[in-house]
Amino acid sequence: MSKPRRDVFVLLVLSAYILAIGVTFVRVYVYHAYPIYSSQEEMPNIAEQLRTLIYWPLL
Amino acid sequence: MMCEWDTAQFLIFSGNGEPLIYYSHVTSILIFVALLGFTFRRLKEWPKNSFRLIAFGYIVWLFCDLILWANENIDHVIFFWTVLSMVEPLIFIGAYAYFLQFTKNKPLSLQVKWFFFILLIPTLVMGPLGLTVIGFDFSDCDRNAWEGIGVYYGYFVEALLLLLIIVKTVVRLVYTKDNLERIKLSMVSLGICLLFIGFLVANFLATFTGDYVTSQYGHVAVPIFAAFLAYITIKYESFEPRILLIDTLVVALFILLSSLLFVDNASYQIYANIMAFIIMIPLGYTLVTGIRKEVRTRKQLQQLTGELEVTNERQEVLMHFIGHEVKGTLAKDSGVFAAISEGDLGPVPEAIKTFVDRALVESRVGASSVENILKASNLKKGSVTYTKEPFDLKELVAGVVEKVKVMAEQKGLALIFTAEEAGALYTINGDKAKLGDNVFRNLVENSINYTPTGSVAVSLKKENGKFIFAVKDTGIGITEEDKQRLFTEGGHGKDSQKVNAHSTGYGLFIAKQITEANGGTIRAESEGEGKGSTFTVEFPV
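Thresholds, definitions, all that
Residues numbered from 1 in each chain as written. Chains lettered and ligands numbered in written order. Predicted model: local features only at pLDDT ≥ 70, side-chain atom pairs only at ≥ 80, totals over all residues. Helix = DSSP H or I, 4+ residues; strand = E, 2+ residues; numbered from the N terminus. Buried ≥ 20, exposed ≤ 12 C-beta atoms within 10 Å, placed from the backbone. pLDDT = per-residue confidence, 0-100. Pairing = 2+ DSSP bridges. Contact = placed C-beta atoms within 7 Å. Axes fitted to C-alpha atoms, helices over the stretch in contact; angles between N-to-C directions. Core = buried A, V, L, I, M, F, W, Y, C linked by C-beta atoms within 7 Å. Parallel < 35°, antiparallel > 145°, perpendicular 65-115°, else oblique.

Engineer: Give me the lowdown on the overall build of chain A, citing residues and values where you can.
Structural biologist: Within chain A, the secondary structure is distributed over 2 helices and 1 strand. In chain A, buried positions account for 8% of the 59 residues.

Structure, rendered in structure tokens:
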């Protein structure tokens with residue numbers, strides 16, 4: 001009995017979500033790695049956020 | 001900064017959120033759970049998965065949102081806000097997949113699945129990197145997080161999918177010719193768009209109005225539209241717009257009335273609402289069941305009509321076959337009887353010749369009857385062709401009268417033919433042979449057959465731009481009852497077979513069909529039983 005192909009795809013999406021949520025969980029609850037801003041000026045702008053996104057594998 | 005926050009119990013119970021938040025979120029979660037249970041058994045495998053994705057995604061989203069409303073813990077706010085933002089595109093992907101599966105009526109292709117996965121990758125990367133929720137906002141006591149480009153990307157995915165649904169719907173509506181398919185498509189697209197809009201209203205209305213509480217009603221609308229979608233899918237095979245419309249109307253009225261019970265505080269208004277709600281239950285039930293019954297009956301009737309048409313067609317073919325066989329046999333018999341009677345096979349004793357002559361007449365009459373039935377059948381099917389050419393009507397009628405003169409003489413009837421001078425020839429354009437045999441001869445012979453004593457007067461005149469042919473007899477006449485079925489297929493007069501045993505009832509039907517096919521009209525008049533009758537045929541000059 002061969003399993004339908006869609007199961008593989010569902011498993012892939014599910015694993016990606018578990019991994020992403022797992023990493024977020026560790027970042028938030030274990031390392032508390034998030035800033036607390038008391039004003040908008042302190043926030044990174046979109047350019048800074050994009051830079052983080054592009055260079056994240058090097059971080 | 002000192003903020004007065006309640007400490008949440010079990011993540012979601014605190015005084016930090018308005019009671020309406022619990023009402024909208026918990027109600028929606030419960031409706032979705034019920035829908036999942038209900039649709040699990042009723043939906044097909046492939047739209048079921050998409051529906052499952054919408055339902056699970058939305059339940060997770062609502063649960064995370066409830067935690068955010070109730071919680072004061074910064075870790076919880078950051079974490080659940082991120083999860084909520086990562087799950088949101090998944091709900092929209094589920095809705096789009098549902099749209100694709102429903103409209104194409106097949107499971108998703110691998111390419112589409114990969115397209116979905118690629119769309120999700122940025123969301124799945126930006127969430128853990130802290131680009132979806134970039135930090136906690138401590139500028140006030142609202143317990144908000146700062147949203148980053150991950151959230152904007154989510155909006156982009158939602159807008160893209162909504163746009164794709166609208167474009168695909170419009171394109172398919174343009175190219176689909178089937179009206180029922182168009183209605184189905186419009187319904188599903190409308191359901192999905194309303195589901196999207198319900199969600200967006202709940203999320204963004206507050207941003208513009210500042211009323212975060214009332215906007216939560218949008219969350220109750222979402223499972224209602226999801227239920228609408230599931231309903232359409234279940235009804236897909238037996239889709240009936242009238243049933244769908246009436247069901248939707250009744251459910252909408254129920255929702256409206258039940259929500260009024262919770263919203264209105266004036267006591268007299270509540271009593272009125274309760275009364276309306278109670279009245280609505282039997283009325284709604286009667287309306288829905290009544291319409292369903294009517295639609296079902298109509299469908300059965302359509303099916304039976306279709307079956308009847310097929311049966312009629314088969315019967316017609318069978319009758320044609322039998323008719324031809326019988327006609328062939330009778331024609332052969334006539335040939336044999338004629339040969340015997342005329343002495344071709346040797347001398348025949350007088351006693352036998354009398355029988356043979358009678359048999360010859362009977363078989364000729366029989367063959368003529370069968371031929372009439374076959375002609376009527378061909379006329380009904382429209383398979384008769386006409387060779388039209390100009391000819392002199394007066395000459396044709398005079399010839400017919402001449403041919404049947406012997407018949408009248410044998411019965412002792414006076415057969416009179418008069419034709420007014422028209423100043424020109426009685427020239428008409430038509431099928432001379434068919435009009436001569438099946439109309440004029442048939443009418444004159446009929447008059448002779450149904451006139452025991454007296455006379456048959458055939459006349460031809462030109463009046464009011466018409467050529468008028470008439471046969472007037474002093475025969476048995478026509479009752480009012482007989483007039484109704486005179487020109488119908490097989491339409492005998494009530495006592496016609498007592499006078500003419502060989503009447504098939506097809507002669508006048510054939511005469512009418514041929515007259516009308518040649519641009520004329522035919523009618524019969526009689527003052528009643530025993531008072532004679534007049535058959536009139538008119539052709540435009």
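Engineer: How would you summarise the confidence of the model for chain B if you had to cite specific residues and measurements?
Structural biologist: Mean pLDDT over chain B: 83, with 89% of residues reaching 70 or higher. Least confident of the elements in chain B is helix H14 (residues 496-499) of chain B, whose mean pLDDT is 64; most confident is helix H4 (residues 110-129) of chain B, at 93.

Engineer: Got a sec to walk through the sheet that holds strand E1 (residues 36-37) of chain A? Specific residues and values, please.
Structural biologist: Taken in spatial order, the 3 strands line up as E1(A)-E1(B)-E2(B) in an open sheet, and their pairing is mixed. Looking at strand neighbours, the two that pair on one side only are E1 of chain A together with strand E2 (144-147) of chain B, the edges of this open sheet. Judged from the 2 bridges that link them, E1 of chain A and strand E1 (residues 133-137) of chain B form a sheet pairing that is parallel. If you follow Ile36 of chain A over to E1 of chain B, its bridge partner there is Phe136 of chain B.

Engineer: An account of unusual backbone geometry is needed here, citing residue identities and associated values.
Structural biologist: Residue and element names in this part refer to chain B. Even without being a glycine, Phe10 presents a positive backbone phi close to 50 degrees. On the secondary structure map, Phe10 appears in the segment before helix H1 (19-42). Given 8 C-beta atoms within 10 Å, Phe10 falls into the exposed group. Despite not being glycine, Asn464 shows a phi value in the positive range, around 50 degrees. Take Asn464: there are 7 C-beta atoms within 10 Å of it, and that puts it in the exposed class.

Engineer: Account for the interface of chain B and chain A, naming residues and giving values.
Structural biologist: By convention, interface size is frequently given as the accessible area that disappears when the constituent parts associate. Counting from both sides, the interface comprises 26 residues of chain B and, opposite them, 29 residues of chain A. Secondary structure elements with two or more residues in the side of chain B that touches chain A: helix H3 (74-104), H4 and E1 of chain B. Residue contributions to the side of chain B that touches chain A peak at 8 residues, all from H4 of chain B.

Engineer: For the pairing of strand E5 (residues 427-430) of chain B, give the residues involved together with the corresponding values.
Structural biologist: Residue and element names in this part refer to chain B. Alternating residues of E5 divide into Ile428 and Gly430, all buried, and Thr427 and Asn429, none buried. Where strand E3 (residues 389-392) and E5 come together, 4 bridges link them in antiparallel fashion. Paired with Pro390 across the strands is Asn429, a residue of E5.

Engineer: Break down the sheet that holds strand E6 (residues 455-463) of chain B for me, with residues and values.
Structural biologist: Residue and element names in this part refer to chain B. The 5 strands are arranged E4-E6-E7-E9-E8 in an open sheet whose pairing can be described as mixed. Of all the strands in the sheet, just strand E4 (414-419) and strand E8 (521-526) have a single pairing partner and so form its edges. Taking the axes of each pair of neighbouring strands and ignoring which way they run, one obtains an average angle of 15 degrees across the sheet. The pairing of strand E7 (residues 466-473) with strand E9 (residues 533-540) spans 8 bridges and is antiparallel.

Engineer: Please give an account of the nonpolar core that cites residues and values.
Structural biologist: Counting 67 residues, the largest nonpolar core has Ala95 and Ala226 of chain B as the members making the most contacts within it. Broken down by element, this core gets its largest block of residues, 20 residues, from H3 of chain B.

Engineer: If you had to explain the environment of Glu4 of chain B to someone new, which residues and values would you point to?
Structural biologist: All names here are of chain B. Relative to the assigned elements, Glu4 resides in the segment before H1. On the basis of neighbour counts, which here come to 8 C-beta atoms within 10 Å, the residue Glu4 falls in the exposed class. Measuring from C-alpha to C-alpha, the distance between Glu4 and Asn16 comes to 9.2 Å, with 12 residues separating the pair along the chain.

Engineer: Can you lay out the confidence of the model for chain A for me, pointing to particular residues and giving the numbers?
Structural biologist: Here chain A averages 82 in pLDDT, and 81% of its residues register 70 or above. Taking the mean pLDDT of every element in chain A, the minimum, 81, falls on helix H2 (residues 46-55) of chain A and the maximum, 91, on helix H1 (residues 6-30) of chain A.

Engineer: Any chance you could break down the packing of H3 of chain B against helix H5 (residues 149-175) of chain B for me, citing the residues and the numbers?
Structural biologist: Residues and elements named next belong to chain B. Remark: H3 packs on H5, axes separated minimally by 9 Å, with the N-to-C direction vectors making an angle of 10 degrees. Judged by the inter-axis angle, H3 sits roughly parallel to H5. Within the contact between the two elements, H3 uses Ser85, Glu88, Pro89, Phe92, Ile93, Tyr96, Phe99 and Thr103 and H5 uses Gly150, Val151, Gly154, Val157, Glu158, Leu161, Leu164, Ile165 and Arg172.

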